[in-house]
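# Survey of secondary and tertiary structure
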Amino acid sequence: MLQLNGTVFMPSVLTLIGIPGLESVQFWIGIPFCAMCIIALFGNFLILVIIKSERSLHEPMYLFLAMLGVTDIALSTCILSKLLGIFWFHSAEIYFDACLFQMWLIHTFQCTESGTVALDRYVAICDPLRHAAIFTHKLLTQIGVGVTLRAGVLIALCLILIKCRLKHYRTTVVSHSFCEHMAIVKLAAEDTRINKIYGLFVAFIILGFDIIFITLSYIRIFITVFKLPQKEARLKAFNTCIAHICVFLVFYLLGFFSSFTHRFGFHIPSYIHILLSNLYLLVPPFLNPIVYGVKTKQIRDRVSKIFHLKDAS
């Protein structure tokens, strides 16, 4: 690494310190984080196996769930090894280009998950009777590719701006447990306004539009639920919606909290920010198999059947 005027020119290696201020207890923090990742991987993989093996589940609703499961598995996989390497084995160093690649993977999968949930919720709620007719297998494939490309291309431009514009860095120590866009940009000793503005643009153009779709969907379903004549039917509908809304709020509120804290949250302790950023990545893949899978009757029955067969044997 070439040192120039107290800055580092084009660093080849960065150091991820994990959770600033909590380095002494990171070993113990890694235990629940690891448990959440393992449950997320197992739960999503189980749902994928059930959907693949059960022909009656080869319908748009469940194929969307399978797309969500693949995204959650990919997201959990790309953060788990490095996260535990930092917490448990003090393996903090990462090549600069590898860090950028991890950043691209994480943000791409986050945005892909957001787009998948938004489209599924909007059509399933606003046009449920035509859900299967609208989403043919061909259209589902096109949507999957489109949502992934939307995220991949927009996030790739973040990498290009970092590589082309930011050459000098004040430090190579990243106060984070994974490679995140603003955590890297803040290391630079040069003008980063364009990088910050583009990062906000991506957040609003992807997450903002997705939130609008999901919010409109739930406003419409609440209007419909209030019109139901039977109290029991209303409570059952609310029970299903509340679980989905909780995951929705965790995903988007933590996402915007992390994004705005990097830019404006100077008085928020860094360990709180980084802990919540980690939960932003870990909680949705952990909860999705429960909320979208186990609470779906057809999948729940299939899971029960699998485990009852194991008990019988």
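Residues numbered from 1 in each chain as written. Predicted model: local features only at pLDDT ≥ 70, side-chain atom pairs only at ≥ 80, totals over all residues. Heavy atoms only, no water.

## Looking at the overall build of the protein chain
- Counting secondary structure elements, the protein chain contains 10 helices and six strands.
- Radius of gyration (C-alpha) of the protein chain: 21 Å, near the 20 Å computed for a compact globule of 313 residues.
- With respect to the principal axes defined by its C-alpha atoms, the protein chain has extents near 70 × 45 × 40 Å.
- Here the protein chain holds 313 residues, and 48% of them are scored as buried.
- The contacts in the protein chain between residues at least 6 apart in sequence include a share of 78% that link residues at least 24 apart.
- Summing over all exposed atoms, the protein chain offers an accessible surface of approximately 15900 Å²; the carbon and sulfur share of this is 70%. (Helix = DSSP H or I, 4+ residues; strand = E, 2+ residues; numbered from the N terminus. Rg over C-alpha atoms; globule rule 2.2 N^0.38 Å. Buried < 20%, exposed > 50% of the residue type's maximum accessible area, 1.4 Å probe, protein only. Contact = heavy atoms within 4.5 Å. Areas by Shrake-Rupley, 256 points an atom, 1.4 Å probe, with all protein chains shown as cover.)

## A word on the pattern of salt bridges
- For the structure shown, the criterion picks out four salt bridges.
- Note that Glu 54 and Arg 302 form a salt bridge whose closest N and O atoms lie 3.4 Å from each other. You can see Glu 54 sitting in the loop between helix H1 (26–53) and helix H2 (60–89) and its partner Arg 302 sitting in helix H10 (residues 297–312), a full 248 residues away along the chain.
- Judged by its relative accessible area of 25%, Glu 54 falls in the partly exposed class.
- Residue classification places Arg 302 among the partly exposed residues on the basis of a relative accessible area of 23%.
- Residue Arg 193 pairs with Asp 191 through a salt bridge whose shortest N-O separation is 3.0 Å.
- Of the residues examined, Arg 193 reaches a relative accessible area of 58% and is grouped as exposed. (Salt bridge = Lys/Arg side-chain N within 4 Å of Asp/Glu carboxyl O.)

## Concerning the state of the cysteines
- A full pass over the atoms with the stated rule returns one disulfide.
- A sulfur-sulfur separation of 1.9 Å characterises the disulfide bridge that pairs Cys 99 with Cys 179. Taking the sign of the S-S torsion, about -115° here, the bridge from Cys 99 to Cys 179 comes out left-handed. One end of the pair, Cys 99, is in helix H3 (residues 96–126); the other, Cys 179, is in the loop between strand E6 (173–174) and helix H6 (181–185), with 80 residues separating them in the sequence. Considered together, Cys 99 and Cys 179 belong to a single accessibility category, that of buried residues.
- Here Cys 111 is not disulfide-linked; the sulfur of Cys 158 is the nearest cysteine sulfur, at 8.8 Å.
- Looking at Cys 111, the relative accessible area reads 8%, which means it is buried. (Disulfide = S-S within 2.5 Å.)

## Digging into the side chain of Asn 288
- Structurally, Asn 288 can be placed in helix H9 (residues 270–294).
- A relative accessible area of 2% means that Asn 288 is categorised as buried.
- A distance of 2.9 Å separates the side chain of Asn 288 from the side chain of Asp 72, its partner in a polar contact. (Polar contact = N/O pair within 3.5 Å; in protein donor to acceptor, adjacent residues only side chain to side chain.)

## Concerning the packing of aromatic side chains
- Tallying each qualifying case throughout the model produces nine aromatic pairs.
- Centre to centre, the rings of Phe 96 and Tyr 169 are 5.7 Å apart; their planes meet at 70°, and the pair counts as edge-to-face. Of this pair, Phe 96 sits in helix H3 while Tyr 169 sits in strand E5 (residues 168–169), placing them 73 residues apart in sequence. Tyr 169 carries the same exposure label as Phe 96, and that label is buried.
- On the numbers, 6.2 Å between centres and 15° between planes, the contact of Phe 101 with Trp 104 is stacked. (Phe/Tyr/Trp six-rings, centres within 6.5 Å; stacked < 30°, edge-to-face > 60°.)

## Points about the sheet that holds strand E4 (residues 93–95)
- One open sheet accounts for three strands, arranged E4-E3-E6; its pairing is mixed. Lying at the two open borders of the sheet, with one neighbouring strand each, are E4 and E6.
- In terms of strand pairing, strand E3 (residues 13–16) meets E4 through three bridges, oriented antiparallel. Along E4, the bridge assignment pairs Leu 14 with Ile 94. (Pairing = 2+ DSSP bridges.)

## A word on the UniProt feature "transmembrane region" (unreviewed entry) in the protein chain
- The positions that UniProt labels "transmembrane region" (unreviewed entry) are, in the present scheme, residues 27–51, 63–88, 139–162, 197–223, 235–257 and 264–283.
- With 100% helix and 0% strand, the stretch residues 197–223 has end C-alpha atoms that lie 37 Å from each other. (UniProt positions renumbered as here; feature names shortened; annotations may be inferred.)

## Focus on unusual backbone geometry
- A positive phi angle, near 45°, is found at Met 10, a position not held by glycine.
- For Met 10, the position within the fold is in the loop between strand E2 (7–9) and E3.
- The phi angle at His 90 is positive, at roughly 55°, despite the residue not being glycine.
- Along the chain, His 90 turns up in the loop between H2 and E4.

## Structural notes on the packing of H1 against H2
- It is the contact of H1 with H2, at a shortest axis distance of 9 Å, that shows an interaxial angle of 155°. Relative to H2, the element H1 is oriented roughly antiparallel. In terms of crossing hand, the pair formed by H1 and H2 is left-handed.
- For the contact of H1 with H2, the residue count by class is 24 nonpolar, six polar and one charged. (Axes fitted to C-alpha atoms, helices over the stretch in contact; angles between N-to-C directions. Parallel < 35°, antiparallel > 145°, perpendicular 65-115°, else oblique. Left-handed = near helix turned anticlockwise from the far one by under 90°. Nonpolar A, V, L, I, M, F, W, Y, C, P; charged D, E, K, R; others polar.)

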